[in-house]
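Breakdown of the fold
The primary structure of each chain is shown beneath.
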Amino acid sequence: MSTVSVVIPCYKYGHFLADCVSSVLDEQDGVDVRVLIIDDASPDDSAETAHKLAAADSRIEVRVHKTNKGHIATYNEGLLEWADGDYVALLSADDRLVPGALVRAAALLDAHPEAGFAYGRPLRFQHGGPLPKARTHSTGSVVYPGQWWLERRFREATGCITSPEVVVRTSLQRQVGGYDPALPHAGDIEMWMRLAAHADVGYIRGADQAYYRVHGKNMSTTDFGGQLDDLRQRLVAFDSVLDKCADRLPQAERLADMVHTRLARFALRRAYRAYDRGRTDVVPVDDLVAFAAECRPGFTGLPEYQALYRRQRVGAGLMPYLQPLVWSAVADRGREWLWWQSWKRRGI
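So, here is what we can say about the structure in this document. (Residues numbered from 1 in each chain as written. Predicted model: local features only at pLDDT ≥ 70, side-chain atom pairs only at ≥ 80, totals over all residues. Heavy atoms only, no water.)

For any pair of aromatic rings, the description consists of the separation of the ring centres together with the inter-plane angle of the planes. Applying the stated criterion to the full structure yields 11 aromatic pairs. When the ring of Y13 is compared with that of F16, the centres are 5.5 Å apart and the planes differ by 65 degrees; the resulting orientation is edge-to-face. Overall, Y13 belongs to the buried group, its relative accessible area being 15%. Of the residues examined, F16 reaches a relative accessible area of 5% and is grouped as buried. Relative to Y179, the ring of Y75 lies with its centre 5.3 Å away and its plane at 70 degrees, an arrangement referred to as edge-to-face. Of this pair, Y75 sits in helix α3 (residues 71-82) while Y179 sits in the loop between α6 (170-176) and α7 (187-198), and the two are 104 residues apart along the sequence. Comparing Y75 with Y179, the two get one shared label, buried. What links up through ring pairs into an aromatic cluster is the set F117, Y119, W149, W192 and Y203. Residue placement shows R153 over the ring face of W149; its charged tip is 4.8 Å from the ring centre. (Phe/Tyr/Trp six-rings, centres within 6.5 Å; stacked < 30°, edge-to-face > 60°. Buried < 20%, exposed > 50% of the residue type's maximum accessible area, 1.4 Å probe, protein only. Helix = DSSP H or I, 4+ residues; strand = E, 2+ residues; numbered from the N terminus. Lys NZ or Arg CZ within 6 Å of the ring centre and 35° of its normal.)

Moving on, we come to the nonpolar core. If you look at the biggest cluster of nonpolar residues, it comprises 67 residues, and the most contacted ones within it are F117, F154, W192, L263 and L308. With 13 residues, the top contributor of residues to this core is helix α9 (residues 252-276). Residues in contact with L308, not counting those within four places in the same chain, are L268, A271, Y272, Y275, V285 and V289. Membership of the second largest hydrophobic core comes to 35 residues, among which are V6, V24, Y87 and L108. (Core = buried A, V, L, I, M, F, W, Y, C linked by side-chain atoms within 4.5 Å. Contact = heavy atoms within 4.5 Å.)

The next subject is the pattern of salt bridges. Per the stated rule, a full pass over the model turns up 23 salt bridges. Between R34 and E61 there is a salt bridge, with the nearest N and O atoms lying 2.5 Å from each other. Of the two residues, R34 is situated in strand β2 (residues 32-39) and E61 in strand β3 (residues 60-64); the sequence distance between them amounts to 27 residues. Through salt bridges with shared partners, one network takes in D19, E27, R96 and R213. (Salt bridge = Lys/Arg side-chain N within 4 Å of Asp/Glu carboxyl O.)

This is the structure:
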């Protein structure tokens, strides 16, 4: 039977702990699981709650920090110093696993030693609301070549993993090392890419693997300055992978150009949409343009920059009046396309 070490970092999430731990220990029949709860000096009763859970189940260990070390140091403590199972999972105290998630991931990794980690589809749910119904029967799995999976991340310049749905081969985790303190907001995507640079990637089809709880303290930043910070963090994360894994990335120069161009286009798109929505007073357009220039020399040749230039010439004051006309034209084109598709389906 495979062994899985589950690290649960906790900071002020003691009220979620019982549900989180139960999803790990009571709903994963078929694997040998141990849990480490690390309380990062929470000012509430999180440590007390953790100790109560440990007293009731010998599979649970608890560590309590006297001073707050931050989430990156807490992650690495559990992943690199404590975990000794065949596989390891990092699960935030406010999230939970879907029944059988560890069993499905372990089965994939058992069957494919070339795979360094396995993931599947996460389900988001609103705190206080009911859990969405999860699919618990896999329809199979696929193992992607690590280099192919990694290149796709560079092409898209985004991650495709939330976090709680991932199970990593412990030996590989130790080989690549822990989370990077220089990436407090993009450490996850950088970690998955580093793992993929060293091994193939398993994906579980047809079944949901984890629940990601959405609440006020973990929602993605929605302010426009925060969106720029997100782009900057992604740039640092991708550049970090290129630096740390240079010996494993023979196409590093091409990958760098690919992701830098993509990020520049993201920034410019956000800038020109500020004109479309009449929000140039709150969107840091100049900073977004400066970021695009940092990412890619010759950024002015990108179509998104041309779109921005046209809007700037029209002027921010006119765009709110032009926007209804633009959307009306888009709707007309959409109706024409649907009409044409309906005739095509009839064989005409």
